[in-house]
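These are the residues of each chain, in order.
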Amino acid sequence: MTREELPNLAESKLTALVVDDNFVNQSIHQKLLARLGITNEVVCNGKEAVDAHCSGRNYDLILMDMDMPIMNGIQATKRLREMGIESKIAGVTTRANEGEKKEFMEAGLNDFQEKPLTISKLLSILHKFDFYVQT
Amino acid sequence: MDLVQMQKSLQDYTKSLFLEGILDSQFLQLQQLQDESNPDFVSQVVTLFFQDSDRILNDLSLSLGQQVVDFKKVDPHVHQLKGSSSSIGAQRVKNACVVFRNFCEQQNVEACHRCLQQVKQEYYLVKNRLETLFKLEQQIVASGGMIPAVELGF
């Protein structure tokens, strides 16, 4: 897909939360979302993601890293589901062995993608969640 | 050197980075994200990568230099570096980190020391090459030209 062919989802007014402790990944994931017209915020670990929700913020989509200090992605996903958060949560991690993937999915993910995240992987996530319909 | 020659040099130089395996397709993903609203996106992210990597490599040197190596400290650093190098397309750095992590799992101190040297070598190589790439781009922009898209053709 060329730069010019990227869909613009700004009209959908989607919101997203990037949860990742790595500044390089934060920057890339935020830019990926912004290029598709998705308003987004970033936090550095699972606890900050939980705190954001406790303060009343809510998001259509959460991109959740697995390995983070203080509270990792598995713990954060479980906690958010316990709180009744129904946002779509996509796990995004470099850990890809079946056992780790299963544990992450069972924590309450709706989808899982292996890093590095690309435009087509993000569109696949959005398509799975019916946020994007390919024409 | 005129503008057309500079643009050709840049294209050839960029292609060589892919052919040598220094960069992979993830770097092209970053370039696709760059636009008029953020024309320096790639260099900004790569600069973040350099800052992050310098810190991690320093921490790794310190951790591996301890009398008793704590692999619970070493492995997460290598994991971080593997993640960020993969995210910017620094393929050889990423691959060196994969090997490094395997030896961390085995708690093989000597092999980890060798791996750290290999990772540093690959990192300084990609850093040097990317800094040259950005200089070439700046020269083209300063001459009033556009950065040509890279056509890899493979």
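The rules behind these values
- Sequence positions are assigned chain by chain, starting from 1 and proceeding in written order.
- Note on labels: chains are lettered from A, ligands numbered from 1, in written order.
- Totals for whole chains, interfaces and linings use every residue, but because this is a predicted model, local features are given only for residues with pLDDT of at least 70 and side-chain atom pairs only at 80 or more, for both listing and counting.
- Side-chain numbers here rest on the full set of heavy atoms in the structure, without hydrogens or water.
- UniProt positions are given in the numbering used here, feature names are shortened, and annotations may be inferred rather than shown by experiment.
- Numbering of helices and strands starts at the N terminus; helices are DSSP runs of H or I of at least 4 residues and strands are runs of E of at least 2.
- Only protein chains enter the accessibility calculation, which uses a 1.4 Å probe; a residue is then buried when its area is under 20% of its type maximum, exposed when over 50%, and partly exposed in between.
- Contacts are assigned to residue pairs that have any heavy atoms within 4.5 Å of one another.
- For any pair of parts, buried area is found by adding up, for both, the accessible area (1.4 Å probe) each one loses once the two are put together.
- For this document, the term salt bridge refers to a Lys or Arg side-chain nitrogen within 4 Å of an Asp or Glu carboxyl oxygen.
- Here a polar contact means two N or O atoms within 3.5 Å. Within protein one must be a hydrogen donor candidate and the other an acceptor candidate, and residues neighboring in sequence count only if both atoms are side-chain atoms.
- Basically, the charged four are Asp, Glu, Lys and Arg, the nonpolar ten are Ala, Val, Leu, Ile, Met, Phe, Trp, Tyr, Cys and Pro, and anything else, Gly included, counts as polar.
- Using protein atoms alone on a 1 Å grid, points that fit a 1.4 Å probe yet trap it form a cavity, whereas open point sets bounded by protein on both sides within 12 Å along at least five of seven lines form a pocket; residues with an atom within 4 Å of a point count as lining.
- Grid points are joined across faces, edges and corners, and a volume is the space filled by probe spheres set on the points.
- Lines fitted to C-alpha atoms define the axes here, with helix axes fitted over just the stretch in contact, and angles between the N-to-C directions of these axes take values from 0 to 180 degrees.
- When an angle is under 35 degrees it counts as roughly parallel; over 145 it counts as roughly antiparallel; between 65 and 115 it counts as roughly perpendicular; any other value is oblique.
- Left-handed is the label given to a crossing in which the near helix is rotated counterclockwise from the far helix by less than a right angle, and right-handed is the label when the rotation is clockwise.
- In short, DSSP must find at least two bridges between two strands for them to pair.
- Whether a crossover is right-handed comes down to one check: with the strands pointing away from the viewer, does the path from the first strand over the helix to the second run clockwise; if it does, it is right-handed.

### Re the UniProt feature "modified residue: 4-aspartylphosphate" (unreviewed entry) in chain A
Residues and elements named next belong to chain A.
At step 1: Under the local residue numbering, the UniProt record ascribes the feature "modified residue: 4-aspartylphosphate" (unreviewed entry) to Asp65.
At step 2: In this structure, aspartate 65 sits in the loop between strand E3 (61–64) and helix H3 (73–82).
At step 3: Among the residues examined, aspartate 65 registers a relative accessible area of 6% and is labelled buried.
At step 4: With residues near it in sequence (within four places) discarded, aspartate 65 still touches Val19, Asp20, Asp21, Gly73, Val92, Thr93, Phe104 and Lys115.

### Considerations on the interface of chain A and chain B
Put simply, an interface is often sized by how much accessible area is lost when its parts join up.
At step 1: Counting residues at the interface gives 20 residues for chain A, matched by 24 residues for chain B.
At step 2: Between chain A and chain B the total buried area reaches about 1900 Å² when both faces are included, carbon and sulfur atoms providing 53% of it.
At step 3: Our count for the chain A to chain B interface comes out at two salt bridges.
At step 4: Close ionic contact of arginine 35 of chain A with aspartate 35 of chain B constitutes a salt bridge, the shortest N to O distance being 3.4 Å.
At step 5: Linking chain A to chain B there are nine residue pairs in polar contact (both at pLDDT 80 or more).
At step 6: By residue number, the principal contributor to the side of chain A that touches chain B is helix H1 (residues 23–35) of chain A, which donates eight residues.
At step 7: Here the side of chain A that touches chain B is built from residues that sort into eight nonpolar, six polar and six charged.

### Structural notes on empty space enclosed by the protein
At step 1: Per the counting criterion, the structure on display carries one cavity of 30 Å³ or more.
At step 2: The space that makes up the largest cavity amounts to roughly 90 Å³.
At step 3: As for the largest cavity, its lining consists of Asp20, Asp21, Asn22, Asn25, Asp65, Asp67, Thr93, Thr94 and Lys115 of chain A together with His79, Gln80 and Gly83 of chain B.
At step 4: With three residues, the single largest contributor to the lining of the largest cavity is helix H4 (residues 71–88) of chain B.

### Details of the UniProt feature "modified residue: Phosphohistidine" (unreviewed entry) in chain B
At step 1: As annotated by UniProt and renumbered to match this structure, "modified residue: Phosphohistidine" (unreviewed entry) occupies His79 of chain B.
At step 2: Inspection of the secondary structure puts histidine 79 of chain B in helix H4.
At step 3: Accessibility expressed as a relative area gives 10% for histidine 79 of chain B, which makes it buried.
At step 4: With sequence-adjacent residues up to four places away left out, histidine 79 of chain B is seen in contact with Asp67, Thr94 and Arg95 of chain A together with Arg101 of chain B.

### Quick word on the packing of H1 of chain A against helix H3 (residues 41–64) of chain B
At step 1: As a packed pair, H1 of chain A and H3 of chain B sit with axes 8 Å apart at the nearest point and diverge in direction by 160°. By the criterion of interaxial angle, the relationship of H1 of chain A to H3 of chain B is roughly antiparallel. The two elements H1 of chain A and H3 of chain B cross, and the hand of that crossing is left-handed. Of H3 of chain B, the residues touching H1 of chain A (which contributes Phe23, Val24, Ser27, Ile28 and Lys31 of chain A) are Phe41, Val45, Leu48 and Phe49 of chain B.
At step 2: Looking at the contact of H1 of chain A with H3 of chain B residue by residue, the classes come out as seven nonpolar, one polar and one charged.

### Focus on the UniProt feature "domain: HPt" (unreviewed entry) in chain B
At step 1: UniProt marks residues 38–143 of chain B with the feature "domain: HPt" (unreviewed entry), using the numbering shown here.
At step 2: Across residues 38–143 of chain B one finds 87% helix and 0% strand; the C-alpha atoms that close the span lie 20 Å apart.

### Observations concerning the pairing of strand E1 (residues 15–19) of chain A
Residues and elements named next belong to chain A.
At step 1: Of all five residues in E1, four are buried, a share of seventy percent or more.
At step 2: For E1 and strand E2 (residues 39–43), the ladder comprises five bridges, and the chain directions are parallel. From the neighbouring strand, threonine 15 faces E2, where its bridge partner is threonine 39.
At step 3: Running through H1, the crossover from E1 to the neighbouring parallel element E2 is right-handed.
At step 4: Note that E1 and E3 share four bridges and pair parallel. Residue pairing in the sheet places leucine 17 in a bridge with isoleucine 62 of E3.

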